[in-house]
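Architecture and fold: a report
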Amino acid sequence: MIVVLKPHVTEEQIATVVKMVEELDYRAHIIQGVERTVVACVGEERGEHQLGHLESLTYVERVMPVLRSFKLAAREVRPEGSRIKVGGVEIGGKRLTVMAGPCAVESKEQVEAAAVGVKQGGAHLLRGGAFKPRTSPYAFQGMEDEGLRLLEDAGKKVHLPVVTEIMDPHDIDLFVEHADMLQVGARNAQNFSLLRRLGRIKKPVLLKRGMSTKLEEFLMAAEYILSEGNPNVVLCERGIRTFETATRNTFDISAIPVVKKLSHLPIVADPSHGTGRRDAVAPMARAAIAAGADGIIVEVHPHPDRALSDGAQSLNTEQFADLMRQLRRVADAVDRQITGAAAGVA
Ligand code: PEP
Ligand code: MN
């Protein structure tokens, strides 16, 4: 159930609602919208009718059920959509966010060259994996702690917040210290103990869709994080596994408008893992923005032919700058903006 409060309620009135909700054995999550405050009540469905009594308070507009299995992620609790702050960057709203960088941090030189390249191209966040989930235990597993520090330093040098994948809940303190946004990879999309743990911090989380998760399951994964108290979740469509083998995954662009309807959480698209093919990255990035994505995350390597992972789907820095030029035009066409000047672009 959600309790929608009238505009201009006082802190005291919000506190009264929270207290009443908690007395009925529900957990109250305060969701501050632009115009209205909503108190989402999470708990047993059985006693829900009792929450209806809150409608008698003069400053409560409505008490309504959220009929979906996900509650805090549901669009109804924040119809205008959420905006999530990562460092100084805001994800959601009219502005599009571009996250770019190598699949994996490989060396100081490599990550710095990538950072400078994506910054010049106009990226807003630097990505890079330090702990890599690889199919083979014999493949490069990432530079781990050292990689995390190299990524952090490279981000600082070019003034970009950094996003990087966490696999093990035990590493959370290390990640909170060195990263601005924590990525949950497709392979951990339903690792519920990791999700719960990420719900107990405030750092923003980039939650990727699992390769075989339905959209409802994807949003339920987000619900795990939200229900523990961390409202800072950004979703990422990165392709799903189908019978098709011409692409690494099947990039589910239709997920973008559907998720937008179902949830207030921002959603970005990953055309790199979505296709696995460099030649398909730009077309799919354009399509994702046209479909309503709040941004993209794309793999960029200073020398893709020498990359230790995902070279075949990585753009070089010139290709990235070219992609940004294309995306600015698509953004314009769908009434969105990409802020931050790219090199040579006013
Ligand atoms: C990655 O971002 O490098 C990655 C491993 O992505 P995914 O979890 O989507 O496969
Ligand atoms: Mn990758």
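These notes cover the structure that comes with them. (Residues numbered from 1 in each chain as written. Chains lettered and ligands numbered in written order. Predicted model: local features only at pLDDT ≥ 70, side-chain atom pairs only at ≥ 80, totals over all residues. Heavy atoms only, no water.)

1. Some remarks on the nonpolar core
One finds Leu198, Leu207, Leu235, Ile296, Val298 and Phe320 to be the most contacted residues of the largest nonpolar core, which totals 77 residues. Examining the composition of this core, we find that 7 residues originate from one element, helix 7 (residues 215–227), more than from any other. Ranked by size, the runner-up nonpolar core spans 18 residues in total, among them Val9, Val21, Leu57 and Val63. (Core = buried A, V, L, I, M, F, W, Y, C linked by side-chain atoms within 4.5 Å. Buried < 20%, exposed > 50% of the residue type's maximum accessible area, 1.4 Å probe, protein only. Helix = DSSP H or I, 4+ residues; strand = E, 2+ residues; numbered from the N terminus.)

2. Regarding the site of ligand 1
Taken together, the residues surrounding ligand 1 are Cys103, Arg127, Lys132, Glu165, Gln183, Gly185, Ala186, Arg187, Lys208, Arg238, His273 and Glu299. Between ligand 1 and the protein, one listed contact pairs an oxygen atom with a side-chain N or O atom of Arg238 at 2.7 Å. Between Glu299 and ligand 1, the recorded distance is 3.3 Å, taken from a side-chain N or O atom to an oxygen atom. When isolated, ligand 1 has an accessible area of 300 Å², and the protein chains bury 98% of it. Here the residues of the shell around ligand 1 are counted per class, giving 2 nonpolar, 3 polar and 7 charged. (Near = heavy atom within 4 Å. Polar contact = N/O pair within 3.5 Å; in protein donor to acceptor, adjacent residues only side chain to side chain. Areas by Shrake-Rupley, 256 points an atom, 1.4 Å probe, with all protein chains shown as cover. Nonpolar A, V, L, I, M, F, W, Y, C, P; charged D, E, K, R; others polar.)

3. Some remarks on the packing of aromatic side chains
Applying the stated rule across the entire model yields 2 aromatic pairs. The interplanar angle of 40° and the centroid separation of 5.5 Å between the aromatic rings of Phe131 and Phe175 together place this pair among those described as tilted. Remark: Phe175 occurs in helix 5 (residues 172–178) and Phe131 occurs in the loop between strand 8 (125–127) and helix 4 (144–158); sequence separation between them is 44 residues. Taking relative accessible area as the criterion, Phe175 reaches 0% and is therefore assigned buried. Ring plane angle 25° and centroid distance 4.4 Å describe the contact between Phe192 and Tyr224, whose orientation is recorded as stacked. (Phe/Tyr/Trp six-rings, centres within 6.5 Å; stacked < 30°, edge-to-face > 60°.)

4. Here we look at the coordination of the manganese ion (ligand 2)
Geometry reference: four tetrahedral donors at a metal, ideal angle 109.5 degrees. Six octahedral donors, ideal angles 90 or 180 degrees. The protein atoms that coordinate the manganese ion (ligand 2) are Cys103 (SG), His273 (NE2), Glu299 (OE) and Asp310 (OD), at distances of 2.0 to 2.4 Å. Mapping the donors of the manganese ion (ligand 2) onto the primary sequence gives the spacing C-x169-H-x25-E-x10-D. Taken as a pair, Cys103 in the loop between strand 7 (97–101) and helix 3 (108–121) and His273 in helix 9 (residues 271–275) lie far apart in primary sequence, 170 residues in all. For Cys103, a relative accessible area of 3% gives the class buried. Here His273 falls in the buried class, since its relative accessible area comes to 8%. (Donors = N, O, S within 2.8 Å, 3.2 Å for Na, K, Ca; no water.)

5. Details of the pattern of salt bridges
Applying the stated criterion across every chain yields a total of 18 salt bridges. In this structure, Glu61 and Arg36 form a salt bridge, with 2.8 Å as the shortest nitrogen-oxygen distance. Within this pair, whereas Glu61 is found in strand 4 (residues 60–64), its partner Arg36 is found in the loop between strand 2 (27–32) and strand 3 (37–42), the two being separated by 25 residues in sequence. With a relative accessible area of 33%, Glu61 lands in the partly exposed category. One network of salt bridges, in which partners are shared, links Lys108, Glu112 and Lys157. (Salt bridge = Lys/Arg side-chain N within 4 Å of Asp/Glu carboxyl O.)

6. Regarding the sheet that holds strand 1 (residues 2–5)
One open sheet accounts for 4 strands, arranged 2-3-1-4; its pairing is antiparallel. Pairing within the sheet leaves two strands with one partner each, and these edge strands are strand 2 and strand 4. Across this sheet, the average inter-strand angle for adjacent strands is 20°, counted without regard to direction. Of the strand pairs in this sheet, strand 1 and strand 4 are connected by 4 bridges, and their pairing is antiparallel. Bridging from a neighbouring strand, Ile2 pairs with Met64 of strand 4. The strands touched by helix 1 (residues 11–23) are strand 1, strand 2, strand 3 and strand 4; relative to strand 2, the strand with the most contacts, the crossing angle is about 150°. (Pairing = 2+ DSSP bridges. Axes fitted to C-alpha atoms, helices over the stretch in contact; angles between N-to-C directions. Contact = heavy atoms within 4.5 Å.)

7. Here we look at the side chain of Ser227
For Ser227, the position within the fold is in helix 7. Look at Ser227 and you get buried, because its relative accessible area is 18%. When near neighbours in sequence (up to four residues on either side) are disregarded, Ser227 contacts Arg27, His29 and Leu72.

8. Side note on the packing of helix 3 against helix 11 (residues 317–333)
Packing of helix 3 against helix 11 brings their axes to within 9 Å, and their N-to-C directions diverge by 25°. Taken as axis vectors, helix 3 and helix 11 run roughly parallel relative to one another. Here the hand of the crossing between helix 3 and helix 11 comes out right-handed. Of the residues in helix 11, those touching helix 3 at Ala113, Gly117, Val118 and Gly121 are Thr317, Phe320, Ala321, Met324 and Arg328. Within the contact of helix 3 with helix 11, the residues separate by chemical class into 5 nonpolar, 3 polar and 1 charged. (Parallel < 35°, antiparallel > 145°, perpendicular 65-115°, else oblique. Left-handed = near helix turned anticlockwise from the far one by under 90°.)

9. A closer look at helix 10 (residues 278–290)
Between its first and last C-alpha, helix 10 extends 19 Å over 13 residues, near the 18 Å set by a 1.5 Å rise per residue. Of the positions making up helix 10, those classed as buried are Ala280, Val281, Ala282, Ala285, Ala288 and Ile289. Considering only its buried residues, helix 10 is in contact with helix 8 (255–262), strand 13 (267–269), helix 9, strand 14 (295–299) and helix 11. One or two steps after helix 10, the chain reaches Gly292, where phi turns positive at roughly 110°. (Expected span 1.5 Å × (residues − 1).)

By themselves, these are just geometric observations and shouldn't be taken as functional.
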